[in-house]
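# Report on the structure
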Amino acid sequence: MNIDLAGITTFLAVAEAGSLTAAAKRLGVSRPAVSQSLRRLEDRLGITLVQRTTRSGSLTEAGAELYERLTPAIADVTLALDDARDNLKRPNGLLRLAVSSIAERFLSGPLLADFVEAYPDIQVDVTVTDEEFDIVARGFDAGVRLGEVLEQDMIAIPVSADQRHVVVAAPSYLQHHGTPVHPRDLADHRCIGWRPQPDIAPYRWEFTENGRDFDVTVAPTITTNDMGLMLRTARAGGGLTFGVEETFRPHLQSGELVAIMEEFCPPFPGFFLYFPQRRNLAPKLRALVDHMRFRG
């Protein structure tokens, strides 16, 4: 038998209020609505639960027995609902994130360390990937990547300042092979390229000149999907490489790498935490959103 929750709610209200009229006021409905709901429940059960008079509604023996058995069950339901509401105040559970390999600020450590310190009941599972896919279909709660590649139906919250791509090389490489002054000069140099997967062409190097965007197809001497290998090879003098400046910044500051052709590399919107539009955001994800906004 399907549970008639509306009828049970009406029955409990009548039992506790003592009349159909008082129950109607408690429930915010009309007296005929209470009478009809109660009648449907009685018809389904095949018994009379409430003895009606013009002034009161007293429980029959069967009604009193049902009320006695329902009361602890309703208390358990109420407790379960209270626990669910409390979870909104105490975010918990597994938070699955898909993060681009070049999201340096997010992956550097301190941000996540501070987050799990603030929310000890949340477990974070981070998959570092440059593959573009539907995070909902793959079971992820959210992702972090550059805003220019996000789907329009996603909610996106900035989690970094503007970024820019730069071409970098070790001073030793530039000393031996010269310094290109325009992106078209890249054809005469050894380049270290990046691609997300073996069956995808190397990433095209993007530039801007006089307000016009253009890209250059380089023929990399070395191609990889590992940013760490790109960095190590460039630092060793293996050639020019191209990527987000934030990734190279420590090595630029130390002088191990030098940025060139910077006038062709204007800034663009940076990294975003993105997730599908939902009416009620899961507490664990809301906690991450608030944490990222607070960190600025």
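Our subject is the structure listed above.
This section reports on the structure supplied with the text. Worth saying up front: this structure is predicted, and the values here are computed from it rather than measured.

## Re the pattern of salt bridges
- Under the counting rule described, the total for this entry stands at 10 salt bridges.
- Glu-131 is the partner of Arg-138 in a salt bridge, and the nearest nitrogen-oxygen pair spans 3.0 Å.
- We classify Arg-138 as partly exposed; its relative accessible area is 42%.
- For Glu-131, a relative accessible area of 30% translates into the label partly exposed.
- With its nearest N and O atoms 3.8 Å apart, the salt bridge here joins Asp-290 to Arg-286. One end of the pair, Asp-290, and the other, Arg-286, are both in helix H10 (residues 283-295), four residues apart, so they sit about a helical turn from each other.
- You can call Arg-286 partly exposed: its relative accessible area is 37%.

## Remarks on the side chain of Arg-164
- Relative to the helices and strands, Arg-164 is located in the loop between strand E6 (154-158) and strand E7 (165-169).
- By relative accessible area, Arg-164 is classed as buried at 17%.
- For Arg-164, the side chain forms a polar contact with the side chain of Glu-262, separated by 2.3 Å.
- At 3.3 Å, the side chain of Arg-164 and the backbone oxygen of Cys-265 are in polar contact.

## Notes on the pairing of strand E12 (residues 240-244)
- In terms of residue burial, E12 counts as a mostly covered element, since five of its five residues are buried.
- Where strand E8 (residues 191-194) meets E12, two bridges bridge the pair, whose relative direction is parallel. What sits directly across from Ile-192, in E12, is Thr-241.

## Examining empty space enclosed by the protein
- Considering all chains together, one arrives at one cavity of 30 Å³ or more under this definition.
- In this structure, the largest cavity encloses a volume near 40 Å³.
- Ala-103, Arg-105, Phe-106, Leu-111, Val-144, Val-159, Ser-160, Phe-271 and Met-292 together form the lining of the largest cavity.
- Looking at side-chain class alone, the lining of the largest cavity contains seven nonpolar, one polar and one charged residues.

## Some points on the nonpolar core
- If you look at the biggest cluster of nonpolar residues, it comprises 36 residues, and the most contacted ones within it are Phe-106, Val-144, Leu-273, Phe-275 and Leu-288.
- Elements that contribute at least two residues to this core include exactly strand E3 (93-99), helix H6 (110-118), strand E5 (142-146), E7, E8, helix H8 (227-235), strand E14 (271-276) and H10.
- Ranked by the residues each element gives to this core, the list is headed by H10, at five residues.
- The contacts of Phe-275, once residues within four sequence positions are left out, are Ile-135, Asp-141, Ala-142, Met-154, Ile-155, Ile-157, Leu-281, Leu-285 and Val-289.
- Among the nonpolar cores identified, the runner-up in size contains 17 residues, and Val-167, Cys-191, Val-218 and Phe-242 belong to it.

## Comments concerning the packing of helix H1 (residues 5-17) against helix H2 (residues 20-27)
- Where H1 meets H2, the closest approach of the two axes is 8 Å, and the angle between their N-to-C directions is 120 degrees. Classified by the angle between their axes, H1 and H2 sit oblique to one another. For the element pair H1 and H2, the recorded crossing hand is right-handed. In this structure, H1 contributes Thr-9, Thr-10, Ala-13, Val-14, Glu-16 and Ala-17 to the contact, and H2 contributes Leu-20, Ala-22, Ala-23, Arg-26 and Leu-27.
- Residues belonging to the contact of H1 with H2 are distributed by class as follows: seven nonpolar, two polar and two charged.

## Examining the side chain of His-251
- Mapped onto the elements, His-251 comes out in helix H9 (residues 245-254).
- Discounting chain neighbours no more than four positions away, the residues touching His-251 are Leu-231, Arg-235, Glu-256 and Leu-257.

## Section: the packing of H8 against H9
- Two elements in contact, H8 and H9, have axes whose closest approach is 12 Å; the angle formed by their N-to-C orientations is 30 degrees. Judged by the sense of rotation from one axis to the other, the crossing of H8 with H9 is right-handed. The segment H8 lies against H9, with Met-227, Leu-231 and Arg-235 engaging Thr-247, Phe-248 and His-251.
- Class assignment of the residues belonging to the contact of H8 with H9 gives a composition of three nonpolar, two polar and one charged.

About the thresholds
Residues numbered from 1 in each chain as written. Predicted model: local features only at pLDDT ≥ 70, side-chain atom pairs only at ≥ 80, totals over all residues. Heavy atoms only, no water. Salt bridge = Lys/Arg side-chain N within 4 Å of Asp/Glu carboxyl O. Buried < 20%, exposed > 50% of the residue type's maximum accessible area, 1.4 Å probe, protein only. Helix = DSSP H or I, 4+ residues; strand = E, 2+ residues; numbered from the N terminus. Polar contact = N/O pair within 3.5 Å; in protein donor to acceptor, adjacent residues only side chain to side chain. Pairing = 2+ DSSP bridges. 1 Å grid on protein atoms, 1.4 Å probe; cavity = no way out; pocket = protein on both sides within 12 Å on 5 of 7 lines; lining within 4 Å. Points joined across faces, edges and corners; volume = space filled by probe spheres on them. Nonpolar A, V, L, I, M, F, W, Y, C, P; charged D, E, K, R; others polar. Core = buried A, V, L, I, M, F, W, Y, C linked by side-chain atoms within 4.5 Å. Contact = heavy atoms within 4.5 Å. Axes fitted to C-alpha atoms, helices over the stretch in contact; angles between N-to-C directions. Parallel < 35°, antiparallel > 145°, perpendicular 65-115°, else oblique. Left-handed = near helix turned anticlockwise from the far one by under 90°.

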